[in-house]
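Listed below are the residues making up each chain.
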Amino acid sequence: MRAVIALALLVPVGCSSPAPRPFTPDDLPAGDPSSAQQAVPTPKVETVEVAPGVRVVVEWPAVADRDTTGMINALRDYRAGSFTSVVTGGQDTAYLETVQDDASSDAYRWVKEFLDQRRSVRGTSRLYALNVVSVTGRGAELHGCIDETGMRLLDAETGKAVRRQPGWTRKPFLQVAGLRRGDDGVWRIKLLQHAELPSEAAKGCLR
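Residues numbered from 1 in each chain as written. Predicted model: local features only at pLDDT ≥ 70, side-chain atom pairs only at ≥ 80, totals over all residues. Heavy atoms only, no water.

Draft legend 1. Quick peek at helix α2 (residues 101-116). Here α2 spans 23 Å end to end across 16 residues, near enough to the 22 Å set by a 1.5 Å rise per residue. For α2, the complete set of buried residues consists of Ala103, Asp106, Ala107, Trp110, Val111, Glu113 and Phe114. Seen along its axis, α2 keeps its buried residues to an arc of 150°; they face one direction. Looking one or two residues past α2, Arg118 carries a phi angle of roughly 55°, positive in sign. (Helix = DSSP H or I, 4+ residues; strand = E, 2+ residues; numbered from the N terminus. Expected span 1.5 Å × (residues − 1). Buried < 20%, exposed > 50% of the residue type's maximum accessible area, 1.4 Å probe, protein only. Arc of directions from axis to C-beta.)

Draft legend 2. Highlighting the environment of Thr88. Structurally, the position occupied by Thr88 is in the loop between α1 (66-87) and α2. C-alpha separation for the pair Thr88 and Ser120, spaced 32 residues apart in sequence, amounts to 8.9 Å.

Draft legend 3. Local environment of the packing of α1 against α2. Remark: α1 packs on α2, axes separated minimally by 9 Å, with the N-to-C direction vectors making an angle of 30°. Of the possible angle classes, the one that applies to α1 and α2 is roughly parallel. As for how α1 packs across α2, the hand of that crossing is right-handed. Contact residues: α1 offers Tyr78, Ser82, Phe83, Ser85 and Val86, while α2 offers Ala107, Trp110, Val111, Phe114 and Leu115. (Axes fitted to C-alpha atoms, helices over the stretch in contact; angles between N-to-C directions. Parallel < 35°, antiparallel > 145°, perpendicular 65-115°, else oblique. Left-handed = near helix turned anticlockwise from the far one by under 90°. Contact = heavy atoms within 4.5 Å.)

Draft legend 4. Representation of α1. Taking 1.5 Å of rise per residue, 22 residues should cover 32 Å, and α1 covers 31 Å from first to last C-alpha, within 8% of that figure. For α1, the N-terminal cap is Asp65; the gap from its side-chain oxygen to the backbone nitrogen of Asp67 is 3.3 Å. (Polar contact = N/O pair within 3.5 Å; in protein donor to acceptor, adjacent residues only side chain to side chain.)

Draft legend 5. A look at the pattern of salt bridges. The full count for this structure, using the stated rule, is 13 salt bridges. Here Asp67 makes a salt bridge to Arg181, at a shortest N to O gap of 3.6 Å. Residue Asp67 is found in helix α1, and its partner Arg181 is found in strand β5 (residues 173-181); the two are separated by 114 residues along the sequence. Linking Arg188 and Asp184 is a salt bridge whose minimum nitrogen-to-oxygen distance equals 2.8 Å. Residue class for Arg188 comes out partly exposed when judged on its relative accessible area of 22%. For Asp184, a relative accessible area of 48% puts it in the partly exposed group. (Salt bridge = Lys/Arg side-chain N within 4 Å of Asp/Glu carboxyl O.)

Draft legend 6. Broad picture of the pairing of β5. Where burial is concerned, most of β5 is hidden: 7 out of the 9 residues are buried. When strand β4 (residues 139-155) meets β5, the two strands line up antiparallel, connected through 8 bridges. If you follow Leu142 over to β5, its bridge partner there is Ala177. As paired strands, β5 and strand β6 (residues 187-196) are joined by 9 bridges and run antiparallel to one another. Considered in β6, the bridge of Leu179 is made with Ile189. Once β5 ends, the chain turns through 5 residues before running back antiparallel as β6, passing Gly185 with a positive phi of about 85°. (Pairing = 2+ DSSP bridges.)

Structure below.
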């Protein structure tokens, strides 16, 4: 089911969220701290209906310029698209259009893990505290908190929740996305990592 802080990518193993590489400060170029955009959560909420009983809720920042909007759209579409692929048994692969490079491989493996284990999902995934922490040329780094405590892992054949729920259904985590703007002006994710509690980096996701 899931680039700058020493984190362990949260693509929950055994059906969780994408990206199995630990984060290192060298993965993405550091931007000028003075240009970092500080996002502030607001009542503006967007709900993406993935399937009956499955949705992704996005809490948008108070101010989002064109590029910030494009980055958040990429992360939203990636997460919603990944769940769509899971609930359709892998038939819908549109999520792969939102990723490239390492993130493309990680995203594919994440979905495949669900399918191989005959798992599906039900519930709500929340994305909040979105913050563009650096922009360097066509590259950028976006941080966002993800709360999937409202989701349940299901047996895809019976539709019932599995007896032992994975850790990603118990506490929020910090998602780190390294993005690149293509020649077509579209932002795509090229690196996915995460930090989970009790990591200091993830403590800001508690609320």
